[in-house]
Amino acid sequence: MEITCKRQYEQIKFYIDGQLHLHLKLIDLIGFQSWIHGEKEYFIEYYYPGTKITTVYGEKEKWSKVLCLLDNNITVIG
(Lines give C-alpha, C1' and ligand atoms only; values in the text may rest on other atoms or scores of the structure.)
Protein backbone atom coordinates (compact mmCIF):
# COMPACT_ATOMS: atom_id res chain seq x y z
CA MET A 1 0.00 0.00 0.00
CA GLU A 2 1.35 3.39 -1.03
CA ILE A 3 -0.09 6.67 0.26
CA THR A 4 1.06 9.86 -1.43
CA CYS A 5 -0.07 13.44 -1.78
CA LYS A 6 0.25 16.31 -4.22
CA ARG A 7 -0.06 19.92 -3.22
CA GLN A 8 -0.80 22.61 -5.79
CA TYR A 9 -1.51 26.18 -4.80
CA GLU A 10 -4.04 26.00 -1.96
CA GLN A 11 -5.26 22.44 -2.45
CA ILE A 12 -3.92 19.05 -1.52
CA LYS A 13 -4.85 15.63 -2.89
CA PHE A 14 -4.17 12.31 -1.19
CA TYR A 15 -3.83 9.06 -3.13
CA ILE A 16 -3.93 5.46 -1.93
CA ASP A 17 -2.26 3.10 -4.39
CA GLY A 18 -2.62 5.72 -7.12
CA GLN A 19 -6.36 6.27 -6.58
CA LEU A 20 -7.64 9.64 -5.39
CA HIS A 21 -8.71 9.31 -1.76
CA LEU A 22 -9.21 12.89 -0.55
CA HIS A 23 -9.10 16.37 -2.07
CA LEU A 24 -8.95 19.31 0.34
CA LYS A 25 -9.06 23.05 -0.21
CA LEU A 26 -6.48 24.54 2.16
CA ILE A 27 -7.37 28.24 1.90
CA ASP A 28 -10.48 27.89 4.13
CA LEU A 29 -9.23 25.05 6.33
CA ILE A 30 -9.57 26.06 9.98
CA GLY A 31 -7.84 22.98 11.34
CA PHE A 32 -8.11 19.27 11.91
CA GLN A 33 -7.98 16.75 14.71
CA SER A 34 -7.40 13.02 14.88
CA TRP A 35 -8.30 10.32 17.36
CA ILE A 36 -8.55 6.58 17.86
CA HIS A 37 -11.83 4.94 18.84
CA GLY A 38 -11.64 1.33 19.95
CA GLU A 39 -9.11 -0.97 18.36
CA LYS A 40 -9.77 -0.51 14.63
CA GLU A 41 -11.25 2.95 14.09
CA TYR A 42 -8.91 5.82 13.28
CA PHE A 43 -10.42 9.24 12.54
CA ILE A 44 -9.29 12.54 11.04
CA GLU A 45 -11.77 15.40 11.06
CA TYR A 46 -11.17 18.54 8.95
CA TYR A 47 -12.92 21.79 9.89
CA TYR A 48 -14.14 24.44 7.46
CA PRO A 49 -16.46 27.39 8.06
CA GLY A 50 -19.92 25.86 8.45
CA THR A 51 -18.92 22.24 7.76
CA LYS A 52 -16.56 19.40 8.53
CA ILE A 53 -15.20 16.39 6.68
CA THR A 54 -14.48 13.18 8.57
CA THR A 55 -12.30 10.35 7.28
CA VAL A 56 -12.23 6.96 9.00
CA TYR A 57 -9.56 4.32 8.56
CA GLY A 58 -9.62 0.68 9.61
CA GLU A 59 -5.84 0.45 9.60
CA LYS A 60 -3.57 2.45 11.85
CA GLU A 61 -0.86 2.50 9.16
CA LYS A 62 -3.08 4.40 6.67
CA TRP A 63 -4.24 6.89 9.29
CA SER A 64 -0.70 7.49 10.50
CA LYS A 65 0.66 8.01 6.98
CA VAL A 66 -2.07 10.55 6.11
CA LEU A 67 -1.31 12.45 9.33
CA CYS A 68 2.40 12.45 8.49
CA LEU A 69 1.71 13.77 4.99
CA LEU A 70 -0.54 16.48 6.42
CA ASP A 71 2.15 17.51 8.87
CA ASN A 72 4.78 17.73 6.14
CA ASN A 73 2.69 19.35 3.40
CA ILE A 74 0.37 21.98 4.82
CA THR A 75 1.38 25.46 5.83
CA VAL A 76 0.11 27.04 9.01
CA ILE A 77 -0.35 30.78 8.60
CA GLY A 78 -0.35 33.08 11.56
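This text goes with the structure placed above it.
So, here is what we can say about the structure in this document. All residue numbers refer to positions counted from 1 along the written sequence of the respective chain. pLDDT decides what is reported in this predicted model: residues at 70 or higher carry local features, side-chain atom pairs at 80 or more are listed and counted, and totals for whole chains, interfaces and linings draw on all residues regardless. Side-chain figures throughout are based on the complete set of non-hydrogen atoms in the structure, without hydrogens or water.

**Some remarks on the sheet that holds strand β2 (residues 11-16)**
Strand pairing in a sheet relies on backbone hydrogen bonds. The paired strands run either parallel or antiparallel.
Thinking step 1. Strands were regarded as paired on the criterion that DSSP finds at least two bridges between them. In this text, helices come from DSSP runs of H or I with a minimum length of four residues, and strands from runs of E with a minimum of two, each type numbered from the N-terminal end. The sheet built from three strands is open, its strands ordered β1-β2-β3 with antiparallel pairing. Bordering the open sheet on either side are β1 (3-8) and β3 (19-25), each of which pairs with just one other strand. Here the average twist between neighbouring strands, direction ignored, is 20 degrees.
Thinking step 2. Judged from the six bridges that link them, β2 and β3 form a sheet pairing that is antiparallel. Bridging across to β3, I12 finds its partner in L24.
Thinking step 3. Relative to β1, helix α1 (residues 60-73) is tilted by about 25 degrees, and along the sheet it contacts β1 and β2. Under this scheme, a helix contributes an axis fitted over its contacting stretch, all axes are lines through C-alpha atoms, and angles between N-to-C directions fall in the 0 to 180 degree range. Every residue pair with non-hydrogen atoms within 4.5 Å of one another is taken to be in contact.

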